[in-house]
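The chain contents come next:
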Amino acid sequence: MAEGKGVLIVGEMANGNLAAMTTELLGIGRKLADDLGEELSAVLMGGEVGGMAEEAIKFGADKVYVIESPLLKEYVTDSYVAAMAKLCEEIKPNILLMGQTSMGRDLAPRLAFRLGTGLTTDCLELSIDPDTKLMLQTKPVYGGNALSIVVCEVTRPQMATIRPKSMDPLERNDSRKGEIVAYDAGLDESAIRVKFIEKVEEEVVGVKLEDADVVVVGGRGMGGPEPFAQLEELAKLLGGAVGASRPPCDSGWVPTTWQVGLTGKMVTPTLYIGVALSGASQHLAGCSGSKTMVAINKDPEANIFKVCQFGIVGDFKKVLPPFIDKVKELKKG
Amino acid sequence: MNIIVCVKEIPDPETPASAFAIDEAAMRAIPAKDTPPVISPFDEQAVEAALRLKDSLGAKVTVLSMGASSAEKVLKHTLSMGADEAFLLSDSSFENSDSTSAAYTLAQAIKKVGEYDMIICGRQAGDFDSGQVGSGIAEMLGIPSVTVAKKIETLDGKAKVERVLPDGYEVVEVSLPALITVSNELGEPRYATLKGIMAAAKKTVPVWNAAEIGADVASIGTEGRKTKMLKLFIPVRESKCEFIEGENEEETAVKLAQKLREVKLI
Ligand SMILES: Cc1cc2nc3c(=O)[nH]c(=O)nc-3n(C[C@H](O)[C@H](O)[C@H](O)COP(=O)(O)OP(=O)(O)OC[C@H]3O[C@@H](n4cnc5c(N)ncnc54)[C@H](O)[C@@H]3O)c2cc1C
């Protein structure tokens, strides 16, 4: 078996801070490292990210590698894979974790192949087998209809990406101490074959879907873009955000950034209201972590009723207007 | 321009949860009755992406699939959409591949096809949802990769690609040859025309086995796996939906709002 020691997580920044995903990675990474009696390290890559290293320590890291380079300013596959491959070949981690984020989805597979090791993407649970000391990786498959448990027996590192919001971060501890190492990845610009040109981001008005405490989601049964105005009204009343299952996005009724699910956004609001959507497993993958789920669907057999706590069987066109009126009244009173 | 597209035959991912079953011992899905397997939806979009390039600047589109003999149907479907040729990689020793052995097998077949400027795959297969094979093929062939594309344009030996991001997209430029994976934001795949179906019916789909693609037996199927599945199971879901009922929709709606107020959600 290949040698490997320590748990390494790949951090990400969001709005000049450590991304929530990264604190979740540090939380599970700490647990795995403690179970193995090994060290937990984090790596931060970017143009200028060193300021976040202390933060990573406060959330659980023993050691933080900081790799700064103008070539890492934007995420680009070639430069990030090269930097990570060099670091991994040098420190030989036993376990390497990333978020199932835009970056993790791209970086992890390519890096796994470069390192010649196995990777399990989109894990919901990770633990150490007490006998074999292998990392047990629980991953949903078939759109979420089934779960698989996977191990990487021979090669190192054992790699996994983790679904956002599936694991808890540690409480931030200001007295935690750790080591910060500036690491030179020795990047060679001529080996970078993908060039970043520009980012085009949609402006979000109101609460961000993935941060909202209330999420109102419309499905194919909405029938067109117009009825989404009712969902927006409802979301606004409840201080929440509007999302959609995939068909309304694919049909251009709503922006594609509204998609909730396996290949869209992960939401875990206190209240989820699903309107005129069937509750396909790939959709539920993005919202089944919601505290309370409510559904309005005209088909009593719809799968969404198997996972929600409150349901109305009926036509949304008739149910929504009196529902919105009553919510308005309750909000006032 | 030569484009190679890799596609996979999978159990219909739209199979309702109630009809979904697995064989825990064999660790695989039991195909639902009356729902035939399909081309993985993102792979169909990969074919569409290739055909759009073919429409705009002319290209030869070759489609590859590793799978059972039944996958010939999926390949015929891509021919009827407008692909030029297709090859099926089928051998009992390919069975039970993981992302590593699948990427190796496809990369070997791509080397056998020879000429290519671009390889296009779906962002992830709709059965195991791993999203690794595209990047793996690129790494094995030593070419750059760009994932989750929604638009591909080519110009002077380069491709300009729009990559989907959670709040929009980014534009990147990549030198060719390159591997690109596509997402549903690319748009609907075209339907096969009657003419396309007739042309596809006349074409044969050659089958390549392990020896024919020069595959190393230690790198394919079970032997080539880097990961091992210990268990496959359907999680138990507690279903305890409280259906709100009333004389009419108005009453039901009002009751729901009151209920949500009671449990302090409104
Ligand atoms: C690999 C893969 C990834 C995917 N990723 C995602 C993803 O990230 N997110 C996602 O959402 N999907 C995803 N999908 C698609 C998913 O499988 C389903 O096709 C999709 O979620 C179905 O959307 P829907 O429920 O809105 O539509 P349908 O399944 O068509 O359901 C529409 C529902 O509306 C109800 N209805 C119709 N009219 C009314 C009315 N007037 N009043 C009340 N109810 C009404 C119907 O009873 C029906 O239940 C993915 C699929 C694959 C294969």
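Residues numbered from 1 in each chain as written. Chains lettered and ligands numbered in written order. Predicted model: local features only at pLDDT ≥ 70, side-chain atom pairs only at ≥ 80, totals over all residues. Heavy atoms only, no water.

**A look at the overall build of chain A**
If you tally the helices and strands in chain A, you get 8 helices and 18 strands. Whereas a compact globule of 333 residues would reach a radius of gyration of roughly 20 Å, chain A reaches 22 Å, a difference of no more than 12%. Seen through its C-alpha atoms, chain A measures out along the principal axes to roughly 65 × 45 × 40 Å. When each of the 333 residues of chain A is scored for burial, the buried share is 59%. Within chain A, counting contacts between residues at least 6 apart in sequence, those at least 24 apart form 64% of the total. Taken as a whole, chain A presents about 13,200 Å² of accessible surface, with 49% of it coming from carbon and sulfur. Positive and negative side-chain charges of chain A, numbering 36 and 45 respectively, have mean locations separated by a distance of 4 Å. (Helix = DSSP H or I, 4+ residues; strand = E, 2+ residues; numbered from the N terminus. Rg over C-alpha atoms; globule rule 2.2 N^0.38 Å. Buried < 20%, exposed > 50% of the residue type's maximum accessible area, 1.4 Å probe, protein only. Contact = heavy atoms within 4.5 Å. Areas by Shrake-Rupley, 256 points an atom, 1.4 Å probe, with all protein chains shown as cover. Lys, Arg positive; Asp, Glu negative; His and termini not counted. Charge placed at Lys NZ, Arg CZ, Asp CG, Glu CD.)

**Some details on the packing of helix 8 (residues 316–332) of chain A against helix 6 (residues 249–262) of chain B**
Relative orientation of the contacting elements helix 8 of chain A and helix 6 of chain B amounts to 40°, with a least axis distance of 8 Å. Looking at the two axes, helix 8 of chain A sits oblique to helix 6 of chain B. The two elements helix 8 of chain A and helix 6 of chain B meet at a crossing, and its hand is right-handed. On helix 6 of chain B, the residues touching A:Lys318, A:Val319, A:Pro322, A:Phe323, A:Lys326, A:Val327 and A:Leu330 of helix 8 of chain A are B:Glu249, B:Glu250, B:Ala253, B:Val254, B:Leu256, B:Ala257, B:Gln258, B:Leu260 and B:Arg261. (Axes fitted to C-alpha atoms, helices over the stretch in contact; angles between N-to-C directions. Parallel < 35°, antiparallel > 145°, perpendicular 65-115°, else oblique. Left-handed = near helix turned anticlockwise from the far one by under 90°.)

**Quick look at the packing of aromatic side chains**
Residue and element names in this part refer to chain B. In total, this model carries 7 aromatic pairs over all chains according to the counting rule given. Between Phe87 and Trp208 the ring centres are 4.2 Å apart and the planes differ by 20°, which places this aromatic pair in the stacked class. Here Phe87, found in strand 7 (residues 85–89), pairs with Trp208, found in strand 13 (residues 207–208); they are 121 residues apart in sequence, far enough to count as distant. The class for Trp208 is buried, based on a relative accessible area of 10%. (Phe/Tyr/Trp six-rings, centres within 6.5 Å; stacked < 30°, edge-to-face > 60°.)

**Some words on the sheet that holds strand 14 (residues 214–218) of chain A**
Here we have 6 strands laid out as an open sheet, ordered 15(A)-14(A)-16(A)-17(A)-18(A)-15(B), and parallel in their pairing. The outermost strands of the open sheet, each flanked by one partner alone, are strand 15 (241–244) of chain A together with strand 15 (242–243) of chain B. Direction of pairing for strand 16 (residues 271–275) of chain A relative to strand 17 (residues 292–297) of chain A: parallel, over a ladder of 5 bridges. Counterpart to A:Tyr272 in the pairing with strand 17 of chain A is A:Met293. Packed onto the sheet, helix 5 (residues 228–237) of chain A meets strand 14, strand 15 and strand 16 of chain A and runs at close to 145° relative to strand 15 of chain A. (Pairing = 2+ DSSP bridges.)

**So, the packing of helix 2 (residues 72–81) of chain B against helix 5 (residues 194–202) of chain B**
For any two helices packed against each other, one specifies the crossing angle of their axes together with the interaxial distance. All names here are of chain B. In the contact formed by helix 2 and helix 5, the axes pass within 7 Å of each other and the chain directions differ by 130°. Considered as vectors, helix 2 and helix 5 are oriented oblique to each other. As helix 2 packs across helix 5, the resulting crossing turns out to be right-handed. Across the interface between the two elements, Lys76, Leu79 and Ser80 of helix 2 pack against Gly196, Ile197, Ala200 and Ala201 of helix 5.

**Remarks on unusual backbone geometry**
Backbone torsion omega between A:Arg156 and A:Pro157 reads 0°, so that peptide bond is classified as cis. Note on placement: A:Pro157 falls in the loop between strand 10 (146–151) and strand 11 (158–162). In this model, B:Leu176 is joined to B:Pro177 through a cis peptide bond whose omega is 0°. Its place among the elements puts B:Pro177 in the loop between strand 11 (168–175) and strand 12 (178–182). With a phi close to 65°, B:Asp34 is a non-glycine residue in the positive phi region. Locating B:Asp34 in the fold gives a position in the loop between strand 4 (28–30) and strand 5 (38–39).

**Quick look at the nonpolar core**
The biggest cluster of nonpolar side chains holds 38 residues, and the ones touching the most others in it are B:Val5, B:Ile120 and B:Ile152. For this core, the element with the most residues is helix 1 (residues 41–57) of chain B, which contributes 6 residues. Apart from the residues lying within four places of it in its own chain, the contact partners of B:Ile152 are B:Ala49, B:Leu53, B:Met118, B:Ile120, B:Ala159, B:Lys160, B:Ile180 and B:Val182. Counting 35 residues, the second largest nonpolar core, distinct from the first, contains A:Phe228, A:Leu231, A:Leu271 and B:Ile244. (Core = buried A, V, L, I, M, F, W, Y, C linked by side-chain atoms within 4.5 Å.)

**Let's talk about the site of the ligand**
In the neighbourhood of the ligand, 31 residues make up the surrounding shell, with A:Arg220, A:Ser245, A:Ser278, A:Asn297 and B:Glu14 lying closest. More than one chain lines the surroundings of the ligand; the residues nearby belong to chains A and B. Here A:Asp315 contributes a side-chain N or O atom positioned 2.9 Å from a nitrogen atom of the ligand. Relative to its unbound accessible area of 990 Å², the ligand is 90% covered by the protein chains. According to the grid-proximity analysis, the pocket containing the ligand is the second largest pocket. Residue assignment for the shell around the ligand shows that the elements contributing at least two residues are helix 6 (246–250), helix 7 (281–284) and helix 8 of chain A together with helix 1 of chain B. (Near = heavy atom within 4 Å. Polar contact = N/O pair within 3.5 Å; in protein donor to acceptor, adjacent residues only side chain to side chain. 1 Å grid on protein atoms, 1.4 Å probe; cavity = no way out; pocket = protein on both sides within 12 Å on 5 of 7 lines; lining within 4 Å. Sits in = over half its atoms within 2 Å of the grid points.)

**Looking at the interface of chain B and chain A**
With 78 residues of chain B at the interface, the matching set in chain A holds 79 residues. Of the roughly 7,000 Å² buried where chain B meets chain A, counting both sides, 59% is carbon and sulfur surface. Among the salt bridges present, the one from A:Glu153 reaches B:Lys228, with a minimum N-O distance of 3.5 Å. The tally of links between chain B and chain A comes to 32 residue pairs in polar contact (both at pLDDT 80 or more). Per element, the largest residue contribution to the side of chain B that touches chain A is 11 residues, and it comes from helix 6 of chain B. (Buried area = accessible area lost by both parts, 1.4 Å probe. Salt bridge = Lys/Arg side-chain N within 4 Å of Asp/Glu carboxyl O.)

**Let's talk about the pattern of salt bridges**
All names here are of chain A. Tallied over the full model, the rule gives 31 salt bridges over all chains. Between Arg30 and Asp62 there is a salt bridge whose closest N-O contact spans 2.9 Å. Of the two residues, Arg30 sits in helix 1 (residues 20–36) while Asp62 sits in the loop between helix 2 (53–58) and strand 5 (63–68), which places them 32 residues apart along the sequence. The class of Arg30 is buried, set by a relative accessible area of 10%. Asp62 serves as the salt-bridge partner of Arg176, at 3.3 Å between the closest nitrogen and oxygen. Linking Arg176 in the loop between strand 11 and strand 12 (179–182) with Asp62 in the loop between helix 2 and strand 5, this pair joins segments that are 114 residues apart in sequence. Here Arg176 falls in the partly exposed class, since its relative accessible area comes to 22%.

**Observations regarding the pairing of strand 11 of chain A**
Residues and elements named next belong to chain A. When you tally the buried positions in strand 11, you get 5 out of 5 residues, the bulk of the element. Burial along strand 11 is two-sided: Gln158, Ala160 and Ile162 facing one way and Met159 and Thr161 facing the other are all buried. Bridge count between strand 6 (residues 95–99) and strand 11: 5 bridges; the pairing is parallel. Looking at the pairing, Leu97 lines up with Ala160 of strand 11. As judged from the 3 bridges shared by strand 7 (residues 119–123) and strand 11, these two strands associate in the parallel manner. Its bridge partner lying in strand 11, Leu119 is registered against Met159.

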